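Examination of the molecular architecture
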Amino acid sequence: THCISSAASDVYKRQVLLLLLLCVLCYLIIPSYSVYRTKVTGYPYLKVLSEQWTDSEVTVTLEQERFLSDGSALSPEDAASVWQIPLLFSTAGSTSQTAVVMAQKQQTFAIPVFSAAGCRPWVRINAGQNALVRVAHSPEMVGRLQEGITQVAPVDRAALLLDAYALAKAGRAPVEAVVEILRALQDESESIVWSAITGVLGCLLYTSPSPRDRQKS
């Protein structure tokens, strides 16, 4: 029994040391990578300024802005921040093979799109969560993504919901987008997406006023 306990203790110690090592590596590597790539701290969110759709292409103009989770007003310095953001785009049955770098405050992209039977062409910005960035897809984009939601990769379905919630919480996107995406995910079966769903629903329940609070108001 002593030998078993000792062996289990050694395994536990090794796991703790490994975890600490990973934390140290993340602390050392991630910030230096971020500075190298962007030269500024924090991370941005992207919003759609305009979009033009055809059956084979969407031309979209994006604007990047520093993301503050509490929705605080930006200082002039923050408002002028510009990151170099490597973006991938996905559509029905296809994902960009090479990232396109967004290096300007506003930038226009022409993205080939494909449609599957029963839904309009759609596009997912920042496919595969390639970049550390929030994306506020336009209402038109969200509607098209809803129609083809089963064709969107699980990680992108989860990110679509989490981005919508974070942006709505910060006052950067309508809360209706969160509701519409949740409705589209009602038949979800992937665990990664369900983790996002339960997390968002938990946050919504936590921040919603109780029946007693509503009666007081």
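In this text the structure is predicted, and so the values were computed from the model without any measurement.

1. Things to note about the pattern of salt bridges
Taken as a whole and judged by the stated rule, the model has 11 salt bridges. Among the ionic pairs, R120 bridges to E140, the shortest N-O distance being 3.2 Å. On the criterion of sequence distance, the pair formed by R120 in the loop between strand 7 (106-112) and strand 8 (124-125) and E140 in helix 3 (residues 139-147) is long-range, its members being 20 residues apart. Note that R124 and D156 form a salt bridge whose closest N and O atoms lie 3.4 Å from each other. Linking R124 in strand 8 with D156 in helix 4 (residues 154-169), this pair joins segments that are 32 residues apart in sequence. Where salt bridges share partners, they join K47, E63, E65 and R172 into one cluster.

2. Comments concerning helix 5 (residues 175-184)
What helix 5 keeps buried is the set A177, V178, I181, L182 and A184. Angularly, the buried residues of helix 5 cover 160 degrees about the axis, an arc narrow enough to put them on a single face.

3. Topic: the layout of surface pockets
Counted as a void, the second largest pocket has a volume near 210 Å³. Around the second largest pocket, the lining is made up of 18 residues, and of these H137, S138, V142, P174 and A177 lie nearest the centre. Listed by contribution, the elements that provide at least two residues to the lining of the second largest pocket are strand 9 (134-136), helix 3, helix 4 and helix 5. Residue composition of the lining of the second largest pocket, grouped by class: 11 nonpolar, 4 polar and 3 charged.

4. Remarks on the sheet that holds strand 5 (residues 94-95)
Across the sheet, 3 strands lie side by side as 5-4-8; this open sheet has antiparallel pairing. Of all the strands in the sheet, just strand 5 and strand 8 have a single pairing partner and so form its edges. Sheet analysis places strand 4 (residues 89-91) next to strand 5, joined by 2 bridges and oriented antiparallel. Looking at strand 5, one finds that S90 is bridged to T95.

5. Let's talk about the pairing of strand 2 (residues 57-66)
Among the 10 residues of strand 2, 8 are classified as buried, and the element is accordingly described as predominantly covered. Taken together, the 9 bridges between strand 1 (residues 44-53) and strand 2 define a ladder with antiparallel strand orientation. Paired with L46 across the two strands is Q64, which belongs to strand 2. Hairpin geometry of strand 1 and strand 2 is characterised by an intervening segment of 3 residues between the two adjacent antiparallel strands.

6. As for unusual backbone geometry
Of note, N126 is a non-glycine position whose phi angle comes to about 65 degrees, a positive value. If you trace the backbone, N126 turns up in the loop between strand 8 and strand 9. A positive phi is found at Q129, a non-glycine position, where the angle reads about 55 degrees. Of note, Q129 is situated in the loop between strand 8 and strand 9. A residue is classified by how much of its surface remains accessible, and Q129, at 30% relative accessible area, is partly exposed.

7. Description of the packing of aromatic side chains
One pair of aromatic rings is described through two measures. These are the centre distance and the angle between the planes. Inspection of the entire model under this criterion finds 3 aromatic pairs. Measuring from ring centre to ring centre gives 6.3 Å for Y45 and F67, while their planes differ by 75 degrees; the resulting arrangement is edge-to-face. A residue pair is termed long-range when its members are at least 10 positions apart, and Y45 in strand 1 and F67 in the loop between strand 2 and helix 2 (76-79) qualify at 22 residues. Relative accessible area serves as the criterion here: at 3%, Y45 is assigned to the buried category. On the basis of an interplanar angle of 55 degrees and a centroid distance of 5.6 Å, the ring pair of F89 and F109 is categorised as tilted. Here F89, found in strand 4, pairs with F109, found in strand 7; they are 20 residues apart in sequence, far enough to count as distant. Judged by its relative accessible area of 6%, F89 falls in the buried class. F109 gets classed as buried once you look at its relative accessible area, which sits at 5%. Pairwise contacts between aromatic rings join Y43, Y45 and F67 into one cluster. The ring of W53 carries the charged tip of R144 above its face, separated from the ring centre by 3.9 Å.

The rules behind the values
- Residues numbered from 1 in each chain as written.
- Predicted model: local features only at pLDDT ≥ 70, side-chain atom pairs only at ≥ 80, totals over all residues.
- Heavy atoms only, no water.
- Salt bridge = Lys/Arg side-chain N within 4 Å of Asp/Glu carboxyl O.
- Helix = DSSP H or I, 4+ residues; strand = E, 2+ residues; numbered from the N terminus.
- Buried < 20%, exposed > 50% of the residue type's maximum accessible area, 1.4 Å probe, protein only.
- Arc of directions from axis to C-beta.
- 1 Å grid on protein atoms, 1.4 Å probe; cavity = no way out; pocket = protein on both sides within 12 Å on 5 of 7 lines; lining within 4 Å.
- Points joined across faces, edges and corners; volume = space filled by probe spheres on them.
- Nonpolar A, V, L, I, M, F, W, Y, C, P; charged D, E, K, R; others polar.
- Pairing = 2+ DSSP bridges.
- Phe/Tyr/Trp six-rings, centres within 6.5 Å; stacked < 30°, edge-to-face > 60°.
- Lys NZ or Arg CZ within 6 Å of the ring centre and 35° of its normal.

Just geometry here; none of it tells us what the structure is for.
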